[in-house]
Amino acid sequence: MAKVPKPEELLSGISYKPPEKGWMAVKPDLRPGTYVNAASAKWLKFLDYPFPRDWSVADEDWKLPPNWREIVLEGMEDRLARFRSLKVFFDICVRCGACADKCHFFLGTGDPKNMPVLRAELMRSVYKRYFTVAGRVLGEVAGARDLDEQVLREWFSYLHQCTICRRCSLFCPYGIDMAEMTILGRELLSSVGLNIEWAAASVGSCYEKGSHIGATPQAYKDMIDFLAEENERITGVTTEVTYNRKGAEILFVVPSGDYFADPGSYTMMGYLLLFKYLDLDYTMSTYAAEGGNFGWFISHEMGKRLNAKIYEEAKRLKVKWIMGGECGHMWRICNQYMPTYYGQPVDFLEEPVSPITGTRFENAKTHKMVHISEFTADLIHHGKLKLDPRRNAHIKLTFHDSCNTSRGMGIFEEPRYIIKSVLPEENFVEMPPHTIRERTFCCGSSAALNADEFMETRMKGGLPRATAVQYVAEKYGVNHLGCICALDRATLPTLVNYWVPGMEVTGITELVGNALVFDDEIDRDMDLRDRELVYPIVKGEAGEETEEAGMEAAEAPEAEEGE
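The structure presented is a predicted model; accordingly, all values stated were derived computationally and were not measured.

What follows is about the domain arrangement of the chain. How big an interface is tends to be reported as the loss of accessible area on association of its parts. Looking at the chain, the domain boundaries give domain 1 (25–195) and domain 2 (203–515). Between domain 1 and domain 2, the C-alpha centre-to-centre distance is 30 Å. Between domain 1 and domain 2, the contact holds 37 residues from the first and 41 residues from the second. Of all residues in domain 1, Leu47, Tyr49 and Arg167 bury the most surface against domain 2, accounting for 17% of the area lost on that side. Summed over the shared surface of domain 1 and domain 2, the number is one salt bridge. One salt bridge connects Arg31 with Glu456, and the closest N-O pair in it is separated by 2.9 Å.

Below you can see the structure in the form of C-alpha cells.
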C-alpha cells in the first residue's frame, strides 16, 4: 500500500486554481496511491473476459492488443446504437457547470477532470472525433480529439475516480447520468483487457464460490452460525438459521460484508435477533450467498451474470418472495436494472406481503424483493416490536444516506423512522441539509474503489462526507455514523478514522438488535459489540427516578398523517 499523507498534508495539497494548460494537454498523473491495481490475468481467464494479461498501471507499456483502437471504437458504436441514452447525454450537455462542484472527487482533489462535465468530455471528445461531422472536419476546434493511448490512460484514471453515486445528475438541469457513462466507459476499457484487480477478483470469487470474499458454502454457514452463537452469549436468545430449505416463505439475501467482518457482523446479529423475535419463516442460501454485485462495476453483462443467481435460487427453493439486507448497490440494481438483467418476469414469486402485519409492498411488484429497512419500519409502525431505546443510550448517531438506497431508490424516511424508535430522542442528530437525503455525499470508495493501494485518492474523495460528520461530532458530540449499506460499513470506518478519529460506524439493524426486548432473554448489560449498556436516569414528575418514565422512550414515534 502506498504511503498516505497525513490529513493536514492532504488538505494543503488541494487547489482549485485552474491549470495553465488546456485540459487536453494535461496528462493523467498515475502515481502510487492514485490508482487501483490492474486486474490479474487469472481472473479474466476464469471469467472468459478478453485479453487477459499481467500488466501494471505504472508501466509505459500496457500490453494492449494490436487493434485496440478499432475494438474501442467498434464498442462505442455498438453502445451508441444499443443505449440511446449515451448518445443523448453526449449531445445535449451545454457545459453549464451546474455539476462542476458537486462531485466529491473534485471537491477532494481539485482536479478539473473530476468535474462530471469534464469527466464526460474525456469520452465525448472521442465520440465527436469519430461519430460527428463537425468533429471529423474541425477536430479540436469542435472539442474532438484522436483516440490514442494517453486518452485511454485518462479514461482508466478518471472513470475509476467515479463511484457511480449520481450526485451530479441530481443537479444537472438535463438529468444527464454520469454513472451510466462511467459504466459504459468501463465496459470499453474492459473490452481491451483494462480492468482493476479489486473488481475482477471480487467478481471472479463470486462467480466461482458465490460471494465476493470467496467463502465456500461451509465457511458461509460457519460464519453466520458463529454470529448466532454470539447472540445467544450476549442475550440468552437462540437465533438458529436454516439454510437451503425448500418451501420457506422468504429467502433472505445479504451482502458478504454482513457476515465476514466488523462492523457488518453486528448488523447480521441484528437481523437474526429480529427474525427470531418474529418467528419468521425464512431461509438463507449458500448458493445465493452474496447480495452485492461488483459485476455492475465492470459491465452490464457481468452484473447480469451475478444477479441471476439470486432469482434462480428463489425459484429452486420455491419461496414466495425475497428480502434483502442492508446493501446499497444490491438495491440500485434490483430497482433499476432487474427487469432487463433477468430478462423475464419473475412470476414464479409473489408480490411481497408481510406475514406479520399484512402490509402489501406494492413497490416490489416487479422485482419481488423487500429491503430490510422497509420491512422493519412497517413492523414498528404497526406496534409489533417491543423496544427499549435506553439500550442504545451510549450511542449518539448521525445518519449517512447511502447513495444507492437514497438517490437510487428513495429510501429516506424508513431508516430515520427506525432510528427514532430505537434511540433516545436526543441521541439522533442530522448532518447539514445539503449533505444528506437526495444531496448526500458518497463514501468516496464505492464502485470497487475500496482498495488499499488507492487510499490517498479514497481519503480525498471521502473528504466532503467526513467534513459533515466532523461538524456534528464537534458541535453535538455525535459518536456513531449509521448507514444501511454494507459497502459503506466496509469503507466508512477507514475514512472517519482518518478524518474524524473515534467515530464508530454502524448498521441500523444492529441498533434494532440492541433495543429488542425478548420475554426469555437474560439480564442484558452488554450491547452486540460487548460494550456496557448505560441507561440514562429519567426523572418522574415528582423528581423521583422511575422505571416507568424510562420506558416511555421505548414507544415508537407516532406515524404522521398519511403514512
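Moving on, there is more to tell.
On to the state of the cysteines, then. One pass over the structure, following the stated rule, counts zero disulfides. No disulfide involves Cys99; its nearest neighbouring cysteine sulfur is the one of Cys168, lying 6.1 Å away. Judged by its relative accessible area of 12%, Cys99 falls in the buried class. The cysteine Cys172 is free of any disulfide, with Cys96 supplying the nearest cysteine sulfur at 6.2 Å.

To continue, consider the pairing of strand β3 (residues 321–324). Burial along β3 is two-sided: the face carrying Trp321 and Met323 and the face carrying Ile322 and Gly324 are both buried. Sheet topology places strand β1 (residues 250–253) next to β3; four bridges connect them, and they run parallel. Note that in β3 the partner of Val253 across the bridge is Gly324. One ladder, built from three bridges, connects β3 with strand β4 (residues 369–371); its direction is parallel. Bridged to Ile322 within β4 is Met369.

Looking at where Pro112 falls in the secondary structure, it is placed in the loop between α5 (104–109) and α6 (116–131). In this structure, the C-alpha to C-alpha distance between Pro112 and Ala100, residues twelve residues apart in sequence, is 8.4 Å. Every residue in contact with Pro112, bar those within four places of it in the chain, is listed here: Pro19, Phe106 and Leu118.

Across all of its chains, the model carries five cavities of 30 Å³ or more by this definition. Approximately 180 Å³ is the volume found for the largest cavity. Lining the largest cavity are 19 residues, with Cys93, Cys99, Val117, Cys172 and Ile176 sitting closest to its centre. For the lining of the largest cavity, the elements supplying multiple residues, two or more each, are α6, α9 (167–171) and α10 (178–190). Looking at the lining of the largest cavity element by element, the count peaks at four residues for α6. Class assignment of the residues belonging to the lining of the largest cavity gives a composition of 15 nonpolar, two polar and two charged.

Grouped together as the largest cluster of nonpolar side chains are 76 residues, with contacts concentrated most on Leu152, Trp155 and Leu194. Among the domains, domain 1 (25–195) and domain 2 (203–515) are the pair contributing at least three residues each to this core. In contact with Leu194, not counting residues within four places along its chain, are Arg53, Trp55, Trp62, Leu64, Leu152, Phe156 and Leu189. Membership of the second largest hydrophobic core comes to 74 residues, among which are Met268, Ile380, Leu397 and Tyr417.

Before going further, it helps to examine the sheet that holds strand β7 (residues 504–507). The sheet built from three strands is open, its strands ordered β5-β6-β7 with parallel pairing. Edge positions in the open sheet fall to β5 (397–399) and β7, since each of these has one partner strand only. Neighbour to neighbour, the strand axes of the sheet diverge by 35° on average, direction disregarded.

With that settled, the discussion passes to the packing of aromatic side chains. Considering all chains together, one arrives at 22 aromatic pairs under this definition. Geometrically, the ring pair formed by Tyr220 and Tyr259 is edge-to-face, given 4.9 Å between the ring centres and 85° between the ring planes. Taken as a pair, Tyr220 in helix α12 (residues 217–235) and Tyr259 in helix α13 (residues 257–260) lie far apart in primary sequence, 39 residues in all. Look at Tyr220 and you get buried, because its relative accessible area is 2%. Geometrically, the ring pair formed by Trp296 and Phe297 is tilted, given 5.6 Å between the ring centres and 40° between the ring planes. Residue classification places Trp296 among the buried residues on the basis of a relative accessible area of 0%. Residue Phe297 is classed as buried on the basis of its relative accessible area, which comes to 3%. Taken together, the ring pairs in this structure connect Phe294, Trp296, Phe297, Tyr337 and Tyr341 into an aromatic cluster.

Omega for the peptide link from Asp262 to Pro263 comes to 0°, which places this bond in the cis form. Among the secondary structure elements, Pro263 is positioned in the loop between α13 and α14 (264–278). Residue Arg166 is not a glycine yet carries a positive backbone phi of 70°. Tracing the backbone shows Arg166 in the loop between α8 (149–158) and α9. Using a relative accessible area of 19% as the deciding quantity, one classes Arg166 as buried. The backbone phi angle of Lys318 is positive, close to 60°, even though this residue is not glycine. You can see Lys318 is positioned in the loop between α15 (300–317) and β3.

Calculation criteria
Residues numbered from 1 in each chain as written. Predicted model: local features only at pLDDT ≥ 70, side-chain atom pairs only at ≥ 80, totals over all residues. Heavy atoms only, no water. Domains from an automatic or database assignment. Contact = heavy atoms within 4.5 Å. Buried area = accessible area lost by both parts, 1.4 Å probe. Salt bridge = Lys/Arg side-chain N within 4 Å of Asp/Glu carboxyl O. Disulfide = S-S within 2.5 Å. Buried < 20%, exposed > 50% of the residue type's maximum accessible area, 1.4 Å probe, protein only. Helix = DSSP H or I, 4+ residues; strand = E, 2+ residues; numbered from the N terminus. Pairing = 2+ DSSP bridges. 1 Å grid on protein atoms, 1.4 Å probe; cavity = no way out; pocket = protein on both sides within 12 Å on 5 of 7 lines; lining within 4 Å. Points joined across faces, edges and corners; volume = space filled by probe spheres on them. Nonpolar A, V, L, I, M, F, W, Y, C, P; charged D, E, K, R; others polar. Core = buried A, V, L, I, M, F, W, Y, C linked by side-chain atoms within 4.5 Å. Axes fitted to C-alpha atoms, helices over the stretch in contact; angles between N-to-C directions. Phe/Tyr/Trp six-rings, centres within 6.5 Å; stacked < 30°, edge-to-face > 60°.

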